Amino acid sequence: MTVQTSPFFADHEQVVFFSDSATGLRAIIAIHSTVLGPAAGGCRMWNYADEQSAIDDVLRLSRGMSYKNAMADLPLGGGKAVILGDPRRHKSEALLEAFGRAVDSLAGRYVTAEDVGITVADMTVAARRTRYISGLGKTGASVGGDPSPKTAQGVFVGLQAAVAARLDRSDLEGLGVAVQGLGNVGYHLCRNLHQAGARLVVADVDEGRVARVCDEFGATGVSVDEILFADVDVLAPCALGGVLNARTIPQIRASVVAGAANNQLAEDADGARLQARGILYAPDYVINAGGIISVAAEYLGGKSESDVERDITRIHDRLVDLFARAKSEGKPTNVVADAMAEERMRRAADRAGRVRAA
Ligand code: NAD
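Bear in mind the structure is a predicted one, so any value in this text is a computation, not a measurement. (Residues numbered from 1 in each chain as written. Predicted model: local features only at pLDDT ≥ 70, side-chain atom pairs only at ≥ 80, totals over all residues. Heavy atoms only, no water.)

## Here we look at the overall build of the protein chain
A tally of helices and strands in the protein chain yields 11 helices and 12 strands. Computed over its C-alpha atoms, the radius of gyration of the protein chain comes to 20 Å, within 12% of the 21 Å expected for a compact globule of 358 residues. Expressed along its principal axes, the backbone C-alpha trace of the protein chain runs to roughly 55 × 50 × 45 Å. Counting only residues that meet the buried cut, the protein chain has 53% of its 358 residues in that class. Accessible surface, the protein chain: about 15500 Å² in total, of which carbon and sulfur atoms supply 49%. In the protein chain, the 39 positive side-chain charges and the 44 negative ones have mean positions that sit 4 Å from each other. (Helix = DSSP H or I, 4+ residues; strand = E, 2+ residues; numbered from the N terminus. Rg over C-alpha atoms; globule rule 2.2 N^0.38 Å. Buried < 20%, exposed > 50% of the residue type's maximum accessible area, 1.4 Å probe, protein only. Areas by Shrake-Rupley, 256 points an atom, 1.4 Å probe, with all protein chains shown as cover. Lys, Arg positive; Asp, Glu negative; His and termini not counted. Charge placed at Lys NZ, Arg CZ, Asp CG, Glu CD.)

Shown next, in the form of structure tokens:
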């Protein structure tokens, strides 16, 4: 088992392993960076094949949160938690409370929220043991709650920026958009796109979800094997990671990729593969930041719903800048996004260094 020699280590500040035999909790919390503020990122519960897979996953996700939070202009660093186990069989209130104690022991260096396998109800149980938690959707709270519609809103405005940059179009009327995955985010994105007049082509492994979107938004359903290669203008991956890879990219017919899924590129080189084919890729962690913007507002306080709306709208302008920079430098958009996020973290580290030295 390796942490510091994992290919995903990326100079993490802290990685902590928790176990609690009374409840069966086995968890890892990874703090990639606190340069911009407390490390924020969700908790994933997953039945990993082995411990190394869990370590690699938490490190990769945690670093991704540093980049996402930096690019969203949030005063938050990047971190992530994983609970090792099958959410359907191993989850209990006692285990979730033990996880809450684990988060609390870090005294605010890490702030948790929902991710795959963890619901708002689960986080409400963990919150009995820690206040370093968000995405609870407190009754009566003015901001926050379910982040998915906010993520969809951010993807929608980001998609508009990509369409303007690549297709030179300011409206979406009649534009063909293929949406892969019609879950929490995909469904809301389809609604926004339908209202804007887009022609939807959709797929999900859950046929009930396909039927609903076809019925409500006049979408055309296709098989899960066809969706990535549909004859459309825009592809919006909203299901799984790794869908853009050496096998799929040569077959994509869309000229824009703009969707919510995390880790859409199987490897960094896939950004260059997309660029070589003239496909404009909206980097996932930039376009899908609407949810964390809302979760951050809930945790940090001091913002109204209209402030959150405005902050989500800025995803559009951020992508306009990013696309312009990628074009002028002739670089893939994912490379430019990484460089911009690293610049922001470096500047914050320099400022902190100057304060300490003063
Ligand atoms: P979800 O689990 O609600 O929805 C995912 C959907 O994809 C499900 O309907 C599932 O049946 C479908 N799916 C799975 N495999 C598929 C396949 N091979 N082909 C087509 N459909 C398939 O998840 P979500 O919350 O909507 O998130 C979607 C993606 O966006 C995930 O990658 C997630 O990490 C990312 N994301 C979500 C948020 C958020 O606020 N929920 C924020 C940032 C990023």
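That was the structure; now back to the text.
## Remarks on the site of the ligand
Not every one of the 22 residues close to the ligand is listed here, only the nearest: Thr151, Asn184, Val185, Asp204 and Arg209. At 2.7 Å from an oxygen atom of the ligand is found a side-chain nitrogen or oxygen belonging to Thr151. Protein contact buries 76% of the 830 Å² of open area that the ligand shows by itself. Going through the elements one at a time, helix 4 (148-167) and helix 5 (184-195) are the ones with two or more residues in the shell around the ligand. Of the residues that constitute the shell around the ligand, the class distribution is 11 nonpolar, eight polar and three charged. (Near = heavy atom within 4 Å. Polar contact = N/O pair within 3.5 Å; in protein donor to acceptor, adjacent residues only side chain to side chain. Nonpolar A, V, L, I, M, F, W, Y, C, P; charged D, E, K, R; others polar.)

## Structural notes on the packing of aromatic side chains
Going through the model one piece at a time under the given rule, you end up with two aromatic pairs. Pairing Tyr67 with Tyr285 gives two aromatic rings, centres 6.0 Å apart and planes at 75 degrees, and the pair type is edge-to-face. Taken together, the positions of Tyr67 in helix 1 (residues 51-71) and Tyr285 in helix 8 (residues 284-287) put the pair 218 residues apart, joining distant regions of the chain. Between Tyr187 and Phe217 the ring centres are 5.5 Å apart and the planes differ by 45 degrees, which places this aromatic pair in the tilted class. Within this pair, whereas Tyr187 is found in helix 5, its partner Phe217 is found in helix 6 (residues 207-217), the two being separated by 30 residues in sequence. An identical accessibility class is assigned to Tyr187 and Phe217; each is buried. Note that Arg212 overlies the ring of Tyr187, its terminal NZ or CZ placed 4.0 Å from the centroid. (Phe/Tyr/Trp six-rings, centres within 6.5 Å; stacked < 30°, edge-to-face > 60°. Lys NZ or Arg CZ within 6 Å of the ring centre and 35° of its normal.)

## Concerning the pattern of salt bridges
By the definition in use, this model includes 28 salt bridges. Between Arg88 and Asp86 there is a salt bridge, with its nearest N and O atoms 3.6 Å apart. Residues Arg273 and Glu267 are paired through a salt bridge, measuring 3.1 Å at the closest nitrogen-oxygen approach. Assessed through its relative accessible area of 41%, Glu267 is described here as partly exposed. Three or more residues are tied together by salt bridges with common partners; here these are Arg44, Asp57, Arg60, Lys80 and Asp115. (Salt bridge = Lys/Arg side-chain N within 4 Å of Asp/Glu carboxyl O.)

## A few points about the sheet that holds strand 7 (residues 176-180)
On the basis of which strands lie adjacent, the open sheet formed by six strands has the order 9-8-7-10-11-12 and parallel pairing. Looking at which strands have only one partner, the edges of the open sheet turn out to be strand 9 (220-221) and strand 12 (280-281). As paired strands, strand 7 and strand 10 (residues 234-237) are joined by four bridges and run parallel to one another. Bridged to Ala178 within strand 10 is Leu235. (Pairing = 2+ DSSP bridges.)

## Here's the deal with the domain arrangement of the protein chain
By the assigned domains, the protein chain splits into domain 1 (14-64 + 76-126) and domain 2 (148-289 + 317-335). When each unit is reduced to the centre of its C-alpha atoms, the spacing between domain 1 and domain 2 is 29 Å. (Domains from an automatic or database assignment.)

## Concerning the packing of helix 4 against helix 5
It is at 8 Å that the axes of helix 4 and helix 5 come closest, and there the two elements cross at 50 degrees. When the axis of helix 4 is compared with that of helix 5, the two are oblique. Seen from above, helix 4 lies across helix 5 with right-handed handedness. From helix 4, Ser148, Pro149, Thr151, Ala152, Gln153, Val155, Phe156 and Leu159 reach across to helix 5, where they touch Asn184, Val185, His188, Leu189, Asn192 and Leu193. Here the contact of helix 4 with helix 5 is built from residues that sort into eight nonpolar, six polar and no charged. (Axes fitted to C-alpha atoms, helices over the stretch in contact; angles between N-to-C directions. Parallel < 35°, antiparallel > 145°, perpendicular 65-115°, else oblique. Left-handed = near helix turned anticlockwise from the far one by under 90°. Contact = heavy atoms within 4.5 Å.)

## What to know about the nonpolar core
Formed by 65 residues in total, the largest nonpolar core has its most connected members in Val177, Val179, Leu193, Leu200, Val202, Leu319 and Leu322. The element best represented in this core is helix 4, accounting for eight residues. Shared between two domains, this core takes at least three residues from each, and those domains are domain 1 (14-64 + 76-126) and domain 2 (148-289 + 317-335). Sequence-distant contacts of Val177, defined by excluding residues within four places in its chain, comprise Leu159, Leu193, Ala198, Arg199, Leu200, Val201, Val232, Val234 and Ala236. Of all hydrophobic cores here, the second largest spans 26 residues; its members include Ile31, Leu96, Phe99 and Val103. (Core = buried A, V, L, I, M, F, W, Y, C linked by side-chain atoms within 4.5 Å.)

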